[in-house]
Amino acid sequence: MKLLPSSSVRAPVKFKIPTKDNLVPIRLDIEIDGQRFKDAFTWNPADPDSEVVVFAKRTVKDLKLPPAFITQIAQTIQSQLTDFRSYEGQDMYAGEKIVPIKLDLRVNHTLIKDQFLWDMNNFESDPEEFARTFCRDMDIQDPEVGPAVAFAIREQLYEIAIQSVTSARESRLSKKGRRGFDYSPAIKSGGISLDLVKYFGHKSTVIRKRKDWDVFEPIVDILSSEEVGALEAREERSAR
């Protein structure tokens, strides 16, 4: 545990994913009678709960899934929204922190691996804009890649924000008997937490340190149909 003078620590803020739009990353992985449905998307928590059922019915109709999926899809979405809302109103620490974001995903035939640093104190950051720029710079043509990259970023930022709520809660307990000091929580992702001002001296949403360019250079591979088939078969075996 690292102790710093209270003047160097920002006051806690109310829970919010550090992005411009406070959207909830939702994952679905549902199997009924041997038929499996997987999806990932973001949801506006301000939308009325009735929209969840409407969405589930529309999804089942569009994809021609069995009617039994309606209830399971709606319940899964609602459960994740309930988890998100349980953090609303709670304190979290943003501070001058940057955290590593890792991309390791396959979208159709496109395989992506990358790592960069993200400013947790920038509540105006835009993962979708970053994803569009990334796809343009890497000349990625598949229109499904951009949303998948943005979702992967949002999902990790959400997890880190949850960890920050826990850190703020622990900080309140740590203050007892420590007059003149505050607990500076370590917001962790992969065991790494860095002070933005100390290491960079300026604020930025996404950062690549020059010395790490060769190590963390983005990797984009286009897989053959045979390679995709082999990966999907391996994933299917792992899921059993």
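Described below are features of the structure shown in this document. On a predicted model such as this, the values are computed, not experimentally measured, just so you know. (Residues numbered from 1 in each chain as written. Predicted model: local features only at pLDDT ≥ 70, side-chain atom pairs only at ≥ 80, totals over all residues. Heavy atoms only, no water.)

## Topic: the packing of helix α3 (residues 127–137) against helix α4 (residues 145–174)
Step number 1: In contact at an axis separation of 8 Å, α3 and α4 are set at 135° when each is read in the N-to-C sense. Looking at the two axes, α3 sits oblique to α4. By crossing handedness, the relation of α3 to α4 is classed as right-handed. Between α3, through Pro-127, Glu-128, Phe-130, Ala-131 and Cys-135, and α4, the contact on the second element is made entirely by Val-145, Gly-146, Val-149, Ala-150, Ile-153 and Arg-154.
Step number 2: Residues of the contact of α3 with α4, tallied by class, amount to eight nonpolar, one polar and two charged. (Axes fitted to C-alpha atoms, helices over the stretch in contact; angles between N-to-C directions. Helix = DSSP H or I, 4+ residues; strand = E, 2+ residues; numbered from the N terminus. Parallel < 35°, antiparallel > 145°, perpendicular 65-115°, else oblique. Left-handed = near helix turned anticlockwise from the far one by under 90°. Contact = heavy atoms within 4.5 Å. Nonpolar A, V, L, I, M, F, W, Y, C, P; charged D, E, K, R; others polar.)

## Focus: the pairing of strand β3 (residues 24–32)
Step number 1: Pairing between β3 and strand β4 (residues 35–43): nine bridges, direction antiparallel. Directly across from Asp-29, in β4, lies its bridge partner Lys-38.
Step number 2: Between β3 and β4, which follow one another and run antiparallel, lie two residues, and Asp-33 among them has a positive phi close to 50°. (Pairing = 2+ DSSP bridges.)

## Examining the pattern of salt bridges
Opposite charge on two side chains allows them to pair when their charged atoms are near.
Step number 1: Counting across every chain of the model gives nine salt bridges.
Step number 2: For the salt bridge of Lys-20 with Asp-126, the shortest nitrogen-to-oxygen distance reads 3.4 Å. In this pair, Lys-20 is assigned in the loop between β2 (13–14) and β3 and Asp-126 in the loop between β7 (110–119) and α3, connecting sequence segments 106 residues apart.
Step number 3: In this structure, Arg-27 engages Glu-155 in a salt bridge whose closest nitrogen and oxygen atoms are separated by 2.7 Å. (Salt bridge = Lys/Arg side-chain N within 4 Å of Asp/Glu carboxyl O.)

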